[in-house]
Amino acid sequence: KNTGLRQTILKNAFWLFSGQIGGRAIRAIIVIYAARVLGTAGFGIASYALSLTGFFMVFADMGISSLLTKYAAQNPDKRDRYFATLLVLKCLCIGTSFIAILAIGPFVGNIPEAVALLPLAGLVLVFDSLREFALAMVRAREKMEYEAALSIITNITTVTLSFAFLIIQKTPHALLLGYAAGSGFGLVLALWALRGYLKKTITHFDAVLVRPLVAQAIPLAMTALLGGTMLTVDMLMLGYFRPATEVGLYSAVQKIIQIAY
């Protein structure tokens, strides 16, 4: 329970730290295993597909999750309105981004095997983006223990299913299928936790809030766009000029840095 400012900060910091470290340590297991069983080319194909969809999915948030945390924390009596309005905006952004992945992605990617995986990779990021939006409300309520639990459960499920699919078939498609199934399970848990707010989405949507929220989201969106471009452009450039084998080598080293980071 949140009993005071100092206790709440320490409690939430502890749970966020535990959830991030625990979740990523668990996810690292499947990354190491996949890199070994898929080989450099197979791992490069999967990594390139995720990087390409990640570039387009930068537009899926536009700072909306941050705004939800901010305004739901500042205005507890208006949480239903902010959640409903921002959820509609979030779904519009995600839908537009997913369509862009399917329509533009094949012309950007230069590795045919990775391009074929774009719909599945896009599904992974759609689930992840919606789950992050749900967790934004959890943060607004200052209940980070729920976020930590959800992160660890989601990653355990993802690793377990990915192992199972890779044992059956050692292909990039099997790896992304495990990612999608685990991420989807985590999204279901997050939405179940917020089922009370979801029931009020239609009745509490406030069109008056749309314009000021979009105006405040634009600077956050620009920051996300620049940051997302910086994080993905190296993989996209390498995949455009070099074969999947070299992308796999580069990605394997990069994953180590990302986990440590």
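Residues numbered from 1 in each chain as written. Predicted model: local features only at pLDDT ≥ 70, side-chain atom pairs only at ≥ 80, totals over all residues. Heavy atoms only, no water.

> Where do I start with the packing of helix α2 (residues 64-74) against helix α10 (residues 210-241) in this structure?
The description of two helices packed together rests on the angle between their axes and the distance between the axes. Relative orientation of the contacting elements α2 and α10 amounts to 125°, with a least axis distance of 10 Å. Judged by the inter-axis angle, α2 sits oblique to α10. Where α2 crosses over α10, the two elements pack in a sense that is right-handed. Taking contact as the criterion, the partners of S66, L67, K70 and Y71 in α2 are, on α10, L213, Q216, A217 and L220. Looking at the contact of α2 with α10, its residues break down into five nonpolar, two polar and one charged. (Axes fitted to C-alpha atoms, helices over the stretch in contact; angles between N-to-C directions. Helix = DSSP H or I, 4+ residues; strand = E, 2+ residues; numbered from the N terminus. Parallel < 35°, antiparallel > 145°, perpendicular 65-115°, else oblique. Left-handed = near helix turned anticlockwise from the far one by under 90°. Contact = heavy atoms within 4.5 Å. Nonpolar A, V, L, I, M, F, W, Y, C, P; charged D, E, K, R; others polar.)

> Any chance you could explain the layout of surface pockets here in plain terms?
Where empty space is left can be seen by rolling a probe of water-molecule size over the atoms. Of the volumes computed, that of the second largest pocket is approximately 240 Å³. Every residue lining the second largest pocket is counted, 14 residues in all, and those nearest its centre are V138, Y146, L150, L189 and A193. Taken together, the elements giving at least two residues each to the lining of the second largest pocket come down to α5 (118-140), α6 (144-168) and α7 (172-193). Its residues placed into classes, the lining of the second largest pocket shows twelve nonpolar, no polar and two charged. (1 Å grid on protein atoms, 1.4 Å probe; cavity = no way out; pocket = protein on both sides within 12 Å on 5 of 7 lines; lining within 4 Å. Points joined across faces, edges and corners; volume = space filled by probe spheres on them.)

> What is the right way to look at unusual backbone geometry in this model?
Among all residues save glycine, negative phi is the norm, and among peptide bonds the norm is trans. A positive phi angle is found at E142, which is not glycine, with a value near 60°. Checked against the element boundaries, E142 lands in the loop between α5 and α6. When its relative accessible area of 40% is taken as the criterion, E142 is described as partly exposed. (Buried < 20%, exposed > 50% of the residue type's maximum accessible area, 1.4 Å probe, protein only.)

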